[in-house]
Amino acid sequence: MAANIIDGKAISAAVKEKVRDEIAHEGLKVELAVVIVGDDPASRVYVNNKKKACEFCGIKSYEYALPEETTQEALLELVDTLNADANVNGILVQLPLPKHLDEKAVIERISPNKDVDAFHESNVGRIMIGNYSFLPCTPAGCMELIHSTGVEVSGKECVVIGRSNIVGKPMAMLLLHENGTVTICHSRTHDLAEVCRRADILVAAVGRPNFVTVDMVKPGAVVIDVGINRLDNGKLCGDVKFDEVSEVAGWITPVPGGVGPMTIAMLMRNTVTAAKIQK
Ligand code: NDP
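Remember, it's a predicted structure, so these values are computed and weren't measured experimentally.

S.K.: Can you walk me through the overall build of the protein in this structure?
M.R.: The secondary structure content of the protein amounts to 10 helices and 11 strands. Whereas a compact globule of 279 residues would reach a radius of gyration of roughly 19 Å, the protein reaches 19 Å, a difference of no more than 12%. For the protein, the spread of C-alpha atoms along the three principal axes comes to 55 × 45 × 35 Å. A buried classification covers 47% of the 279 residues belonging to the protein.

Next comes the structure, spelled out in structure tokens:
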């Protein structure tokens, strides 16, 4: 039987509407600074989508588009200025940065209570111990998508493929917070297919098109596809071979229209949270 499709577009629209209503009802003044360095086309698309979401929600967004050759000092100076500006509630530095810039140092410079991506070390640490104000947008969005299925995480076998600091590791932590039995896989994992087949909830964050094939999926599983890969023909595709996996999974996210829009909706939510904390 074909899987139920988890409609990330509809679920993200509902989250954004809620954020918009909250801002309107509480008369909040919310501002997000979006910093983009260089002219990476994918980053430009993400930034434009984030700005559009801000407009929908009633969040003022200011873009700081810096040239590719921007120095580390100039970028840190901008972050300092935004940190000091009481009108700015959230600061988002679009990643990846050009190679000559030190991403880690830039993230660490953002004031933790304006770090709406939740990438700062102190926010990452707070996620570990379960005492957080912000959750990183993509894993938080994945959790919302899982919740939308009605499948309880508690006690379930959860497998996350990928261990990056921005997706895989925090994703595993959020599943653990909800009492999942969590396994994290990576490029050194032995018998990956066998490990994945155990999963009631399978999250793929690998960055390789069509990596998860039908033989890796337990019938009825919830499959969350974080991957965004651009094929030679210009089309976007996820990490999961959708056509065949959707024949056995119980629930599956499409790409596009799954995790991507949720990431942006969670950014809106984090920005409002930041504004409230600062107030
Ligand atoms: P990274 O490249 O940082 O991490 C990829 C992970 O996949 C690594 O942990 C790597 O293992 C693992 N991996 C690579 N090859 C294999 C393999 N053959 N077998 C098992 N594991 C493997 O990527 P990100 O976490 O940043 O992103 C993952 C994907 O998600 C990308 O497609 C990205 O574009 C997408 N993405 C989507 C977002 C959204 O909003 N939808 C947001 C952020 C990312 P190892 O650590 O051993 O190298």
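Moving on from the coordinates now.
S.K.: What's the story with a nonpolar patch on the surface in this structure? I'm lost.
M.R.: Among the surface-exposed residues, Val45, Tyr46, Ile228 and Leu236 lie close enough to one another that they form a single nonpolar patch of about 310 Å² accessible area. Structurally, tyrosine 46 can be placed in helix α2 (residues 41-57).

S.K.: What should I look at first to understand the nonpolar core in this one?
M.R.: When a protein is soluble and globular, its nonpolar side chains tend to lie buried together. In this structure, Ile59, Ile146, Leu175 and Ile224 are the most contacted members of the largest nonpolar core, which totals 52 residues. Here this core takes 10 residues from helix α10 (residues 259-278), the largest share from any one element. Shared between two domains, this core takes at least three residues from each, and those domains are domain 1 (27-111) and domain 2 (136-260). Discounting residues that sit within four places of it in the chain, isoleucine 146 has contacts with Val151, Val153, Met171, Leu175, Ile201, Val222 and Ile224. Judged by nonpolar contacts, the second largest core, of 19 residues, contains Leu202, Met216, Val217 and Val240.

S.K.: Would you take a moment to explain the pattern of salt bridges for this structure?
M.R.: It is possible for side chains of opposite charge to pair when their charged atoms get near one another. Applying the stated criterion across every chain, the model contains 10 salt bridges. A salt bridge links arginine 109 to aspartate 80; its shortest N-O distance comes to 2.9 Å. Placement of the pair is arginine 109 in helix α4 (residues 103-109) and aspartate 80 in helix α3 (residues 72-84), with a sequence separation of 29 residues. The exposure class assigned to arginine 109 is partly exposed, which follows from its relative accessible area of 36%. Residue classification places aspartate 80 among the partly exposed residues on the basis of a relative accessible area of 32%. Beyond isolated ion pairs, a larger network of salt bridges with shared partners links Glu22, Glu26 and Lys276.

S.K.: I keep staring at the pairing of strand β2 (residues 31-37) and nothing clicks. Help me out?
M.R.: Counting buried positions over the seven residues of β2 gives seven, a clear majority of the element. Of the two faces of β2, both are covered, the one formed by Glu31, Ala33, Val35 and Val37 as well as the one formed by Leu32, Val34 and Ile36. Two strands pair when backbone bridges link them, and β2 and strand β3 (residues 60-66) are joined in this way by seven bridges, in the parallel orientation. Bridge pairing links glutamate 31 to lysine 60 in β3. Viewed along the sheet, the connection from β2 through α2 into β3 turns out right-handed. For β2 and strand β4 (residues 90-93), the ladder comprises four bridges, and the chain directions are parallel. By the bridge assignment, leucine 32 is partnered in β4 with glycine 90.

S.K.: Before we go on, may I ask you to explain the domain arrangement of the protein in this structure?
M.R.: One can read the domain layout of the protein as domain 1 (27-111) and domain 2 (136-260). Its C-alpha centre places domain 1 at a distance of 28 Å from the equivalent point of domain 2.

Cut-offs and rules
Residues numbered from 1 in each chain as written. Predicted model: local features only at pLDDT ≥ 70, side-chain atom pairs only at ≥ 80, totals over all residues. Heavy atoms only, no water. Helix = DSSP H or I, 4+ residues; strand = E, 2+ residues; numbered from the N terminus. Rg over C-alpha atoms; globule rule 2.2 N^0.38 Å. Buried < 20%, exposed > 50% of the residue type's maximum accessible area, 1.4 Å probe, protein only. Patch = residues over 30% accessible without salt bridge, like charges linked within 9 Å, V, L, I, M, F, W, Y side chains within 5 Å. Areas by Shrake-Rupley, 256 points an atom, 1.4 Å probe, with all protein chains shown as cover. Salt bridge = Lys/Arg side-chain N within 4 Å of Asp/Glu carboxyl O. Core = buried A, V, L, I, M, F, W, Y, C linked by side-chain atoms within 4.5 Å. Domains from an automatic or database assignment. Contact = heavy atoms within 4.5 Å. Pairing = 2+ DSSP bridges. Right-handed = clockwise from strand over helix to strand, strands pointing away.

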